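The lines below spell out each chain.
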Amino acid sequence: MPVLFEVSDLVFAYPRRPPVLSGASMTLAAGERLAITGPNGAGKSTLMQVLVGLLRPQAGRVVAFGAERREEADFHEVRRRAGYVFQDPDDQLFCPTVAEDVAFGPLNLGRSRAEALAVVDRVLGDLGLSDFRDRVTHKLSGGEKRLVSLACVLAMDPDVLLLDEPSNALDEETTARMVEILCGLPLAMVIVSHDAHFRRKMATRSLRLDKGALAPYEPACRHAGAADRA
Ligand SMILES: Nc1ncnc2c1ncn2[C@@H]1O[C@H](COP(=O)(O)OP(=O)(O)OP(=O)(O)O)[C@@H](O)[C@H]1O
């Protein structure tokens, strides 16, 4: 299986703060759904931002889609191919309506208005969100916003999904729908999640980030007690 992301020995510290990442390494191969868990504040969202170049590590290597990425220009391709669903949907959604939010990415990639609107209809249809098309984005519930954030990212036709707490604010039924949708996509994924049940359903492999480093984490089905405490 081709390796899509390979990061090694990452060191990252926010200004005037001790390092959040201190020697973190991981790979993501095609077809994998890699779950990452770990305590609050361990650096999981920070790691996701390093993967797409929104934060630049002080040391270590980021290899993505077969090339080492160092400069801002190197990450343009990474951000086009890796769809990042932020932890907070309000960071992702900024247009007046759902259709405009979902169309934004394709339009930004140079698609015509008609093409972008066709993508909007297809993606919202695939996610069972067609009725949301003309809804006012900022009036959606937290769970609805999360689904629309996923629609925005899928509209960009990514090769990889980076999902930060995708089951946050979702009820049981919507979580099950999210699992079904995601498992039906032929995409590799990095899934940051505290939700042991969600990880159990989704992950083909699990890591835990703690004290700056990533280590293999046994699947919850084998050590349910330990996983539920994560
Ligand atoms: N812009 C920033 N400036 C300074 N410190 C930050 C900044 N962003 C995050 N941090 C700190 O870095 C640490 C890691 O944050 P991060 O959001 O990556 O953790 P996390 O593992 O995703 O946490 P959670 O599970 O609570 O979402 C935390 O202590 C956080 O307060």
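Please refer to the structure placed before this passage.
Residues numbered from 1 in each chain as written. Predicted model: local features only at pLDDT ≥ 70, side-chain atom pairs only at ≥ 80, totals over all residues.

Participant: Explain the sheet that holds strand S5 (residues 67-68) to me, please; I cannot follow it from the model alone.
Facilitator: Backbone-to-backbone hydrogen bonds join strands into a sheet, with any given pair of strands oriented parallel or antiparallel. Ordered in space as S2-S1-S4-S5, the four strands form an open sheet in which the pairing is antiparallel. Of all the strands in the sheet, the pair left with one neighbour each is strand S2 (21-29) and S5. For strand S1 (residues 3-12) and strand S4 (residues 59-64), the ladder comprises five bridges, and the chain directions are antiparallel. Each bridged residue has a counterpart across the sheet, and for Glu-6 the counterpart in S4 is Val-63. Across the sheet, helix H1 (residues 44-51) is in contact with S1, S2 and S4; its angle to S1 comes to roughly 120°. (Pairing = 2+ DSSP bridges. Helix = DSSP H or I, 4+ residues; strand = E, 2+ residues; numbered from the N terminus. Contact = placed C-beta atoms within 7 Å. Axes fitted to C-alpha atoms, helices over the stretch in contact; angles between N-to-C directions.)

Participant: When you look at the sheet that holds strand S7 (residues 160-164) in this model, what are you seeing that I'm missing?
Facilitator: Taken in spatial order, the six strands of this open sheet run S6-S7-S8-S3-S9-S10, and their pairing is mixed. The strands lining the two open edges of the sheet, one partner per strand, are strand S6 (82-85) and strand S10 (213-216). Averaged over all pairs of adjacent strands, the angle between their axes in this sheet comes to 20°, without regard to strand direction. With four bridges connecting them, S6 and S7 associate as parallel partners.

Participant: Can you walk me through the site of the ligand in this structure?
Facilitator: Around the ligand, the neighbouring residues are Tyr-14, Arg-17, Val-20, Gly-38, Asn-40, Gly-41, Ala-42, Gly-43, Lys-44, Ser-45 and Thr-46. The class makeup of the residues in the shell around the ligand is three nonpolar, six polar and two charged. (Near = placed C-beta within 6 Å. Nonpolar A, V, L, I, M, F, W, Y, C, P; charged D, E, K, R; others polar.)

Participant: Looking at this structure, I do not really get the nonpolar core. What am I missing?
Facilitator: Most often, soluble globular proteins keep nonpolar side chains buried together rather than apart. Counting residues in hydrophobic clusters, the biggest one holds 64 residues, and the most contacted among them are Leu-51, Val-102, Ala-151 and Leu-162. A per-element tally of this core places helix H5 (residues 142-154) first, with seven residues. Setting aside residues no more than four positions away along its own chain, Leu-51 makes contact with Phe-5, Val-7, Val-62, Ala-82 and Leu-162. (Core = buried A, V, L, I, M, F, W, Y, C linked by C-beta atoms within 7 Å. Buried ≥ 20, exposed ≤ 12 C-beta atoms within 10 Å, placed from the backbone.)

Participant: Is there a simple way to think about the packing of helix H3 (residues 98-108) against H5 in this case?
Facilitator: Geometry of a packed helix pair, given as the angle between the helix axes and the separation of the axes. At a minimum axis separation of 7 Å, H3 and H5 run at an interaxial angle of 30°. Handedness of the crossing formed by H3 with H5: right-handed. Taken together, the residues of H5 that come into contact with H3 (itself represented by Val-98, Asp-101, Val-102, Phe-104 and Gly-105) are Val-148, Ala-151 and Cys-152. Here the contact of H3 with H5 is composed, by residue class, of six nonpolar, one polar and one charged. (Left-handed = near helix turned anticlockwise from the far one by under 90°.)

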